[in-house]
Amino acid sequence: MKLQDSYISRRLFLSRLLGGWLAGLIGILAYPVARFLAPAEAPEPAFVLLSAKDYLSIPPNSAKAFAWGYKMGIFIKASDRSLRAFKGVCSHMDCNVSYKPEERRFFCACHDGWYDEAGQNIAGPPPRPLERLEVRVEKRKLIVHLPGAVLPPEVEI
Ligand code: FES
């Protein structure tokens, strides 16, 4: 079969092939950028179960991170041995915060934000305190939950 007998010309075939390839390439490149700019909202857990042994054994005035859904949570045993937990993200722009035991404060490195040991915003741009979570110890479990969350019966021991 000769080329001039085909239904589409070589030029049309190549331009459609190139157009399809470019559309695919743009899609491949645009998708991760779009997901970064508008991430899907992951549902927040009502509670997480942690090993009481691992978290209660930390020394006073120290903290340990845990997974709170797709975000970070911070469990803290304060210097007075009280137990607290917070969502570990800054109230300014959601950067992760870290606990500085030498200063007994939380620090956000993104814009030099500071929170006291109780999670109150005390310096820098954070407009609100850290979001507090409730902490309960049940036998060998440390239950960290949203304030007022109703826990399923299998969690209640
Ligand atoms: S994100 Fe924490 S101070 Fe800006």
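What counts and what doesn't
Residues numbered from 1 in each chain as written. Predicted model: local features only at pLDDT ≥ 70, side-chain atom pairs only at ≥ 80, totals over all residues. Core = buried A, V, L, I, M, F, W, Y, C linked by C-beta atoms within 7 Å. Buried ≥ 20, exposed ≤ 12 C-beta atoms within 10 Å, placed from the backbone. Contact = placed C-beta atoms within 7 Å. Pairing = 2+ DSSP bridges. Helix = DSSP H or I, 4+ residues; strand = E, 2+ residues; numbered from the N terminus. Expected span 1.5 Å × (residues − 1). Bend = angle between axes of the 7 residues up to and from the residue.

Visitor: Explain the nonpolar core residue by residue, including any values.
Guide: Ranked by internal contacts, the top residues of the largest apolar core, which has 19 residues, are Ile74, Phe75, Ala85, Val97 and Val144. In this view, Ile74 contacts Ala63, Ala65, Ala85, Phe86, Gly88 and Tyr99; residues no more than four positions away in its chain are not counted.

Visitor: Describe the pairing of strand 3 (residues 71–77), naming the residues involved and giving the relevant values.
Guide: The pairing of strand 2 (residues 62–68) with strand 3 spans seven bridges and is antiparallel. Across the sheet, Ala63 pairs through a bridge with Ile76, a residue of strand 3. Counting the residues in the hairpin turn of strand 2 and strand 3 gives two residues, including Gly69, whose phi is positive at 60°. The pairing of strand 3 with strand 4 (residues 83–87) spans five bridges and is classified as antiparallel. Looking at strand 4, one finds that Lys77 is bridged to Leu83.

Visitor: With reference to specific residues and values, describe the environment of Ser82.
Guide: In this structure, Ser82 sits in the loop between strand 3 and strand 4. Along the sequence, Ser82 and Pro125 sit 43 residues apart, while their C-alpha atoms lie 27 Å from each other.

Visitor: Hey, could you go over the pairing of strand 6 (residues 105–108) for me, with residue numbers and the actual values?
Guide: A one-sided burial pattern is seen for strand 6, the buried positions being Phe106 and Cys108 and the unburied ones Arg105 and Phe107. Pairing between strand 5 (residues 97–100) and strand 6: four bridges, direction antiparallel. By the bridge assignment, Val97 is partnered in strand 6 with Cys108. With antiparallel pairing between neighbouring strands as the criterion, strand 5 and strand 6 make up a hairpin whose turn holds four residues, including Arg104 at a positive phi of roughly 50°. Summarising the sheet, strand 6 and strand 7 (residues 113–116) pair through four bridges and their orientation is antiparallel. Looking at the pairing, Cys108 lines up with Gly113 of strand 7. The antiparallel hairpin formed by strand 6 and strand 7 contains four residues in its connecting segment, where Asp112 sits at a positive phi of about 60°.

Visitor: I'd like to hear about helix 1 (residues 10–37), residue by residue, with values.
Guide: Between the first and last C-alpha of helix 1 there are 40 Å, a value that for 28 residues agrees with the 40 Å anticipated at 1.5 Å per step. Along helix 1, the sharpest change in direction is near 25° and occurs at Ala30; proline Pro32 comes one to four residues later. A small share of helix 1 lies buried, amounting to zero of its 28 residues.

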